[in-house]
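These are the residues of each chain, in order.
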Amino acid sequence: MTNLVDIRNLSRSFGAVSVLKGIDLQIAPGEFVALLGRSGSGKSTLLRMLAGLDEGTADRLHLPPRRSVVFQEPRLMPWKTVLDNVTLGVDGKTVDERAQQTLDDVGLSHRKHAWPLTLSGGEAQRAALARALVRKPELLLLDEPFASLDALTRLRMHSLVFDLWRKHGPAVLLVTHDVWEAIALADRILVLGDGHFTKEVRVPVSHPRRRSDPELARIEADLLSELGVEPLTV
Amino acid sequence: MSDMPLPLTGADRPINEAVRPSSGRRFLGLGRRLISPLLLLVLWQVLSATGILPARILAGPTDIIAAAQRLIASGELITGLMVSFLRVLAGFSIALVAGVVLALVAGVSRIGDLLIDPPIQMLKAMPFLGLLPLFILWFGIGETPKIGLVAFGAVFPIYLTLLGGIRGVDKKLVEAGRTLGLSNLGIIRHIFIPGALPSLLVGIRYGLSVAWLSLVVGEQINASSGIGQIITYARDFLQTDVIVVCLMVYALMGLVTDGLVRLVEAHALRWRPQVLA
Ligand SMILES: Nc1ncnc2c1ncn2[C@@H]1O[C@H](COP(=O)(O)OP(=O)(O)OP(=O)(O)O)[C@@H](O)[C@H]1O
Ligand SMILES: [Mg+2]
């Protein structure tokens, strides 16, 4: 199977500061990849390049044409209703139907005529997710989309994203700070540090994943130490 | 020396206003604030009726009301009003189109900004009402200088506020728009214009007040029609009552057009929490 994303020797610097120093990244169709790394390690920079929002140098930069992004903030157009936000920039006769369907998928059909500024944080982020999915992306880019949500809402969003991934089948690149979030969702976890991937871990555990699973606990400890955090010993 | 405390009481009045609590109290406060204007009106009427204030300086309130009724009954006022209103409409439409186009170009393109903004900033510094003699030399004394003056005066507030609004549009939304596959035109249409609309509406309201002001000045020159003509005629015959009626009509039209824009505003900005609440 050919890779959906195939990137070789990707670099990006801001002035004299090299943020990405020759990264290789392959993502298979439908694969769920999580990207961890300390703050400032360049995760957003990499994701923005995949989204086409930033330019760098690469020997090879093969990307699917249909890519969608969800940022940490919902970035909905406040002057458009939820439904109009979801359909913004999408052509075709069946757009409205599909948008309704997608809003249904994220559990937001009852708020489709609402103004974005009246939504709760979780609702706004679900609207942003619907807006990304209605474009039928082959690659879904998520830059810490749950970081500003409360812990309970975040857990609900995890299962929502997981279900949507199963249903719509895009490849996903999820940037996160939350090691457990990465473990609970991803097939493969990459750690970015000092301009390249310092670790790559596969998570060969079937879903639903329980936190008590010893295999997952071992991966978690491994990743935490890679990120420079020693697990608490009580 | 004895009037020393007066400036002080004047100075703390705004503070009292700011902390004024309930709407019931505010209503009472408004009633109180009407007392002195009403007293002045009575005083004015008394001075006029006793002949201390001659009508050739300023007609009394009852004379003014009578003049208004006369002007309305003869149809003169309505006709003049229509002519003046059309001048503002024409001049303001030109200003709106020009201001919006210029601000859009300057707002979304670096070269546009470089070419357009500096000359406008310089022209802005000019006291535009002083351009009237030039406008008369260029355009004669017909409709063109009047409409031109209205357009010239109103274009700056529209341009400046819209440009400020465009610059204030959240760049993160523009980025989101790109990831949604919007073209440059789509980004202008779906993000910059609606995002800058609140500022544009402020500019339109300000521009309209400048437009009416420009019209008042522009209509002083050889107006053969419109409110300006009624004023010129009244001046020649010392009819101060008619002049006051015309001034009130100008003020009223300014209020009406401002109210219309407020209506548009309430509808167009209903997505804003302030409007929703
Ligand atoms: N436009 C820019 N100009 C200059 N420096 C930048 C720019 N964008 C990012 N950087 C720098 O690049 C580095 C990586 O930034 P990036 O936002 O990718 O980090 P991150 O891994 O996403 O961090 P976080 O987890 O805090 O979001 C940082 O040191 C940042 O200061
Ligand atoms: Mg980031």
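Residues numbered from 1 in each chain as written. Chains lettered and ligands numbered in written order. Predicted model: local features only at pLDDT ≥ 70, side-chain atom pairs only at ≥ 80, totals over all residues. Heavy atoms only, no water.

Points about the overall build of chain B
Counting its secondary structure elements, chain B contains 12 helices and zero strands. Put simply, chain B runs from its N terminus to its C terminus through helices and strands in the order α-α-α-α-α-α-α-α-α-α-α-α. Relative to its full complement of 277 residues, chain B shows a buried share of 37%. Residue pairs at least 24 apart in sequence account for 73% of intrachain contacts in chain B once pairs closer than 6 positions are excluded. Counting every atom, chain B has about 16000 Å² of accessible surface; 71% of that belongs to carbon and sulfur. (Helix = DSSP H or I, 4+ residues; strand = E, 2+ residues; numbered from the N terminus. Buried < 20%, exposed > 50% of the residue type's maximum accessible area, 1.4 Å probe, protein only. Contact = heavy atoms within 4.5 Å. Areas by Shrake-Rupley, 256 points an atom, 1.4 Å probe, with all protein chains shown as cover.)

Points about the interface of chain A and chain B
For interface size, the figure often reported is the accessible area lost on association. If you look at the interface, chain A gives 19 residues, while chain B gives 17 residues. Summed over both partners, the interface of chain A with chain B comes to about 1800 Å²; 73% of that surface belongs to carbon and sulfur atoms. Remark: the boundary between chain A and chain B carries three salt bridges. When the shortest N-O distance is used, the salt bridge between A:Arg75 and B:Glu175 registers 2.9 Å. (Buried area = accessible area lost by both parts, 1.4 Å probe. Salt bridge = Lys/Arg side-chain N within 4 Å of Asp/Glu carboxyl O.)

So, the site of ligand 1
Residue and element names in this part refer to chain A. Every residue lining ligand 1 is accounted for by Phe-14, Val-19, Arg-38, Ser-39, Gly-40, Ser-41, Gly-42, Lys-43, Ser-44, Thr-45, Glu-144 and His-177. For ligand 1, an oxygen atom lies 2.8 Å from a polar atom in the backbone of Gly-40. When ligand 1 is considered free in solution it has 630 Å² of accessible area, and contact with the protein chains removes 55% of it. A total of three residues in the shell around ligand 1 trace back to one element, the largest contributor, which is helix H1 (residues 43–51). Residue composition of the shell around ligand 1, grouped by class: two nonpolar, seven polar and three charged. (Near = heavy atom within 4 Å. Polar contact = N/O pair within 3.5 Å; in protein donor to acceptor, adjacent residues only side chain to side chain. Nonpolar A, V, L, I, M, F, W, Y, C, P; charged D, E, K, R; others polar.)

A closer look at the sheet that holds strand S4 (residues 60–62) of chain A
Residue and element names in this part refer to chain A. On the basis of which strands lie adjacent, the open sheet formed by three strands has the order S2-S1-S4 and antiparallel pairing. The open sheet has two edge strands, strand S2 (17–27) and S4, and neither has a second partner. For this sheet the average axis-to-axis angle between neighbouring strands, irrespective of direction, equals 35°. Across eight bridges, strand S1 (residues 5–14) lies against S2 in antiparallel orientation. Within S2, the position partnered with Asp-6 by the bridge is Gln-26. H1 rests against S1 and S2 of the sheet, and its axis sits at about 120° to S1. (Pairing = 2+ DSSP bridges. Axes fitted to C-alpha atoms, helices over the stretch in contact; angles between N-to-C directions.)

What to know about the domain arrangement of chain A
All names here are of chain A. What the domain assignment reports for chain A is domain 1 (1–66 + 139–148 + 155–229) and domain 2 (72–136). Inter-centroid distance (C-alpha atoms) of domain 1 to domain 2 is 25 Å. Facing the 14 residues of domain 1 at the interface are 11 residues of domain 2. Carbon and sulfur atoms supply 63% of the area buried between domain 1 and domain 2, which totals about 1100 Å² over both sides. (Domains from an automatic or database assignment.)

Digging into the domain arrangement of chain B
Split by domain assignment, chain B resolves into domain 1 (15–53) and domain 2 (62–276). A C-alpha centroid distance of 32 Å is found between domain 1 of chain B and domain 2 of chain B.

Quick look at the pattern of salt bridges
By the definition in use, this model includes 24 salt bridges over all chains. Across the pair A:Glu73 and A:Arg75 runs a salt bridge whose closest N-O atoms are separated by 2.6 Å. Under the relative-accessibility criterion, A:Glu73 is labelled partly exposed at 27%. Of the charged contacts, one joins A:Glu200 and A:Arg188 as a salt bridge, the two residues approaching to 2.7 Å between their closest N and O atoms. In this pair, A:Glu200 sits in strand S9 (residues 196–202) while A:Arg188 sits in strand S8 (residues 188–193), placing the two residues 12 residues apart along the sequence. Among the charged side chains, a network of salt bridges with common partners joins A:Arg48, A:Glu73, A:Arg75, B:Lys172 and B:Glu175.

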